[in-house]
Amino acid sequence: MLNAGATLVAEPRDDFPTRLARIVSEVLAPAVLVAALLLIVGWHAGDTPGVSRWWGLPGALFAAVIPLGYVLHGVRKGRLTDHHIPERADRRIPLLFGTASLVVGLVFLILLGAPREVLALLGAGGCGLAVFALVTHWWKMSIHAGVAAGTVAALAAVYGPIALLGVPLVLLGCWARVRLTAHTPAQVVVGALAGALIAGTIFPALR
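The structure presented is a predicted model; accordingly, all values stated were derived computationally and were not measured. Within each chain, residues carry numbers counting from 1 in the order of the written sequence. The model is predicted, so local features are restricted to residues of pLDDT at least 70 and side-chain atom pairs to those at 80 or more, both for listing and for counting; the totals for chains, interfaces and linings are taken over all residues. By convention in this description, side-chain values take in all heavy atoms of the structure and omit both hydrogens and water.

1. Description of the confidence of the model for the chain
Put simply, the test is: Residue-level confidence of the predictor is summarised by pLDDT, bounded by 0 at the bottom and 100 at the top. Contacts are assigned to residue pairs with any non-hydrogen atoms lying within 4.5 Å of each other.
With 94% of its residues at a pLDDT of at least 70, the chain reaches an overall mean of 92. Residue range residues 1-9 is modelled with pLDDT below 50. Its contacts to residues more than four positions away, or to other chains, number two contacts.

Have a look at this one:
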């Protein structure tokens, strides 16, 4: 029996486009993109003489691995239904935990003397998580879309317009979330715009 106020969500069909959408959602999952982005930016920061190229690894630990571990633990304990956290009401605490983990990692890396570029990326990521956690209280803005668009915006700040070749992947990720009925078109569009705006302004300003 459904609880009062529960929302019926149509199950997506199990056809080829839907199966493809599931694969895309996993490959372009926020934790995957955040970890990859930190490794790439850390490697780029290593172009400076005397700077290790592996500063992205501890950043990825605090920004992606630990928050994902918290979510997976919640799934195993039955507090969360899925690692993508489809229920809006369940998203706020994991987002706040992710923000806290990222802030701890940022302080840790500052004390260790990490390169400014990695610190700037973590700072921008923390701002993004805080915004999404706030909006999630009222509306289920797409984190997948936000992180994907933010990844392209951050890479464009580092490598220039060539990074915009990643825009089709952002569109593919947005399509996948809508195809799986995880979000409405408005939720992926606003999520993508928010992610691109935050990463495209805060990250360049801090680096």
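2. Let's talk about the pattern of salt bridges
What counts here: Only one rule defines a salt bridge in this text: a Lys or Arg side-chain nitrogen within 4 Å of an Asp or Glu carboxyl oxygen. Only protein chains enter the accessibility calculation, which uses a 1.4 Å probe; a residue whose area is less than 20% of its type maximum is buried, one above 50% is exposed, and one in between is partly exposed.
Summed over all chains, the structure comprises four salt bridges. Note that Asp-14 is salt-bridged to Arg-22, the shortest N-O span being 3.3 Å. Using a relative accessible area of 55% as the deciding quantity, one classes Asp-14 as exposed. Relative accessible area serves as the criterion here: at 36%, Arg-22 is assigned to the partly exposed category. In this structure, Arg-53 and Asp-47 form a salt bridge, with 2.9 Å as the shortest nitrogen-oxygen distance.

3. Remarks on the packing of aromatic side chains
Convention followed: Only the six-membered ring of Trp is used, alongside the rings of Phe and Tyr, when aromatic pairs are assigned; centres must lie within 6.5 Å, and planes under 30 degrees apart are stacked while those over 60 apart are edge-to-face, with the rest tilted. Counting from the N terminus, the helices are the DSSP runs of H or I reaching at least four residues and the strands are the DSSP runs of E reaching at least two. Each ring is checked for a lysine NZ or an arginine CZ that lies within 6 Å of its centre and within 35 degrees of its normal; such an atom marks a charge sitting over the ring.
In this structure the tally under the stated criterion is three aromatic pairs. The interplanar angle of 50° and the centroid separation of 5.8 Å between the aromatic rings of Phe-62 and Phe-108 together place this pair among those described as tilted. With a gap of 46 residues between them, Phe-62 in helix H3 (residues 56-76) and Phe-108 in helix H4 (residues 92-112) connect regions that are remote in the sequence. When its relative accessible area of 15% is taken as the criterion, Phe-62 is described as buried. The ring of Trp-43 carries Arg-53 above its face, with NZ or CZ at 4.9 Å from the centroid.

4. Considering the environment of Gln-187
Tracing the sequence through the fold places Gln-187 in helix H8 (residues 185-206). Overall, Gln-187 belongs to the buried group, its relative accessible area being 10%. Apart from residues lying up to four places away in sequence, Gln-187 is in contact with Trp-139, Lys-140, Met-141, Ser-142 and Ala-182.

5. Digging into the environment of Arg-79
Note on placement: Arg-79 falls in the loop between H3 and H4. Given the relative accessible area of 47%, Arg-79 is considered partly exposed. Spatially, the C-alpha atoms of Arg-79 and Asp-90 are 8.4 Å apart, while their sequence positions differ by eleven residues. In contact with Arg-79, not counting residues within four places along its chain, are His-73, Gly-74 and Asp-90.

6. Concerning the packing of helix H7 (residues 167-179) against H8
A pair of packed helices can be characterised by two numbers: the angle between their axes and the separation between those axes. Put simply, the test is: Lines fitted to the C-alpha atoms define the axes, with helices restricted to the stretch that makes contact. Angles between their N-to-C directions range from 0 to 180 degrees. Roughly parallel means an angle under 35 degrees; roughly antiparallel, over 145; roughly perpendicular, 65 to 115; everything else is oblique. Each helix crossing is assigned a hand: it is left-handed if the near helix lies turned anticlockwise from the far helix by less than a right angle, otherwise right-handed if that turn is clockwise. Amino acids outside the nonpolar list (Ala, Val, Leu, Ile, Met, Phe, Trp, Tyr, Cys, Pro) and the charged list (Asp, Glu, Lys, Arg) are all regarded as polar, and Gly is one of them.
It is the contact of H7 with H8, at a shortest axis distance of 9 Å, that shows an interaxial angle of 150°. In terms of their interaxial angle, H7 and H8 are classed as roughly antiparallel. When you trace H7 past H8, the crossing you get is right-handed. Here Cys-174, Arg-177 and Val-178 of H7 come into contact with H8, specifically with Pro-185, Val-188 and Ala-192. Of the residues assigned to the contact of H7 with H8, the class counts are five nonpolar, no polar and one charged.

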